Amino acid sequence: MKGELLMYTVEICHLYPELLNLYGDKGNVIALKKRCEWRDINVIVHNVSLGDEFIPDKYDIVFIGSGQSYEHEIIRDDLLTNKGPAVKDAIESNKVFLAISGGFQLLGKYCKTVDDRELEFLGALDLWTISSQERMIGNIILECGFLKNENFDGKIVGFENHSGKTYLGNGVKPLGKVVNGYGNNGEDGNEGAVYKNVYCSYLHGSLLPKNPALTDYLLETALNNKYRDFGPLPRLDDSLEIAASKSMINRIIKK
């Protein structure tokens, strides 16, 4: 396999990396990068922040992490006014996105605060968030049907810590069903959101280093979008990652 994939390149856009990096969200970009490099796939990471132009055709994967309300206020105008139309175009053109927690919320329609103010968000996905006094925090297990195959049971793990309750509208499916934990709102058993090739989640920890099957799913989708001849990703030895995931799942379920 060595050298066979050097003709392929994945270009990753990391949106607002210095502002949206709660709980080490940058680890998701590192996981995408390393799993390309281990296969000799070229990878370029573009850090795109306040005032920078967002160029949809340039990127294969777009990552947006999480911040607190303070950071959301800083970037909200830039996201909605400067980058918003291009981000929406990229989503509708089936570009691969991963959005975590606050980034997940920002792609939705609005967030209603605890003092009943309604903050407009991008509106790229039909979902909305209601702030709550209750904090949903702890380890979480999901079952993702689209990841199930003969080698993997579809379970992913992470850590959630949010007070916003998110609800999904028309055309938006959950990322997975909650096996243990709260999920989007602690009510309907859903976690995350999927629309076209946009994948959203409240899972920190970081999400992708703990879940190589999901990481590879995003990479494979992006590469097949870009290269008609790509096909499946060559498999890596994930025995350590799989053992760690199973250990964590067993520990959470036994509590």
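Just so it is clear, the model here is predicted, and its values are computed rather than measured.

**Student:** When you look at helix α1 (residues 26–37) in this model, what are you seeing that I'm missing?
**Tutor:** An α-helix turns once per 3.6 residues; consequently, residues spaced three or four apart project the same way. Over its twelve residues, α1 runs 17 Å from end to end, which matches the ideal 16 Å to within 8%, given 1.5 Å per residue. Regarding α1, the residues found buried are Gly27, Asn28, Val29, Ala31, Leu32, Arg35 and Cys36. Buried residues belonging to α1 abut β1 (9–15), β2 (42–48), β3 (61–64), β4 (96–100), α4 (207–210) and α5 (212–226).

**Student:** Explain unusual backbone geometry to me, please; I cannot follow it from the model alone.
**Tutor:** Cis peptide bonds are those with omega within 30 degrees of zero, and the linkage from glycine 205 to serine 206 qualifies with -20°. Phi is positive for aspartate 40, which is not a glycine, with a value near 65°. Structurally, aspartate 40 can be placed in the loop between α1 and β2. Even without being glycine, asparagine 94 reaches a positive phi, approximately 70°. Within the fold, asparagine 94 resides in the loop between α2 (69–92) and β4. Residue classification places asparagine 94 among the partly exposed positions, given a relative accessible area of 32%.

**Student:** Teacher, can you tell me more about the side chain of aspartate 78 here?
**Tutor:** Here aspartate 78 is to be found in helix α2. Residue aspartate 78 is classed as buried on the basis of its relative accessible area, which comes to 11%. One polar contact links aspartate 78 to lysine 83, side chain to side chain, over a distance of 2.4 Å. Discounting residues that sit within four places of it in the chain, aspartate 78 has contacts with Tyr16, Ser49, Leu50, Gly51 and Lys83.

**Student:** Teacher, can you tell me more about the sheet that holds β4 here?
**Tutor:** Adjacent strands of a sheet pair through backbone hydrogen bonds, lying either parallel or antiparallel. Strand order across the open sheet formed by six strands is β2-β1-β3-β4-β12-β11, with mixed pairing between neighbours. With partners counted over all chains shown, the strands left at the sheet margins are β2 and β11 (193–195), one partner each. Averaged over neighbouring strand pairs, the angle between their axes works out to 15° when direction is ignored. Inspection of the sheet shows β3 paired to β4 by four bridges, in the parallel sense. Across the sheet, residue valine 62 finds its bridge partner in β4, namely phenylalanine 97. Docked against the sheet, α1 engages β1, β2, β3 and β4, running at close to 175° with respect to β1. Against the sheet, α2 contacts β1, β2, β4, β11 and β12 (198–201), and its axis sits at roughly 120° relative to β4.

Criteria and thresholds
Residues numbered from 1 in each chain as written. Predicted model: local features only at pLDDT ≥ 70, side-chain atom pairs only at ≥ 80, totals over all residues. Heavy atoms only, no water. Helix = DSSP H or I, 4+ residues; strand = E, 2+ residues; numbered from the N terminus. Expected span 1.5 Å × (residues − 1). Buried < 20%, exposed > 50% of the residue type's maximum accessible area, 1.4 Å probe, protein only. Contact = heavy atoms within 4.5 Å. Polar contact = N/O pair within 3.5 Å; in protein donor to acceptor, adjacent residues only side chain to side chain. Pairing = 2+ DSSP bridges. Axes fitted to C-alpha atoms, helices over the stretch in contact; angles between N-to-C directions.

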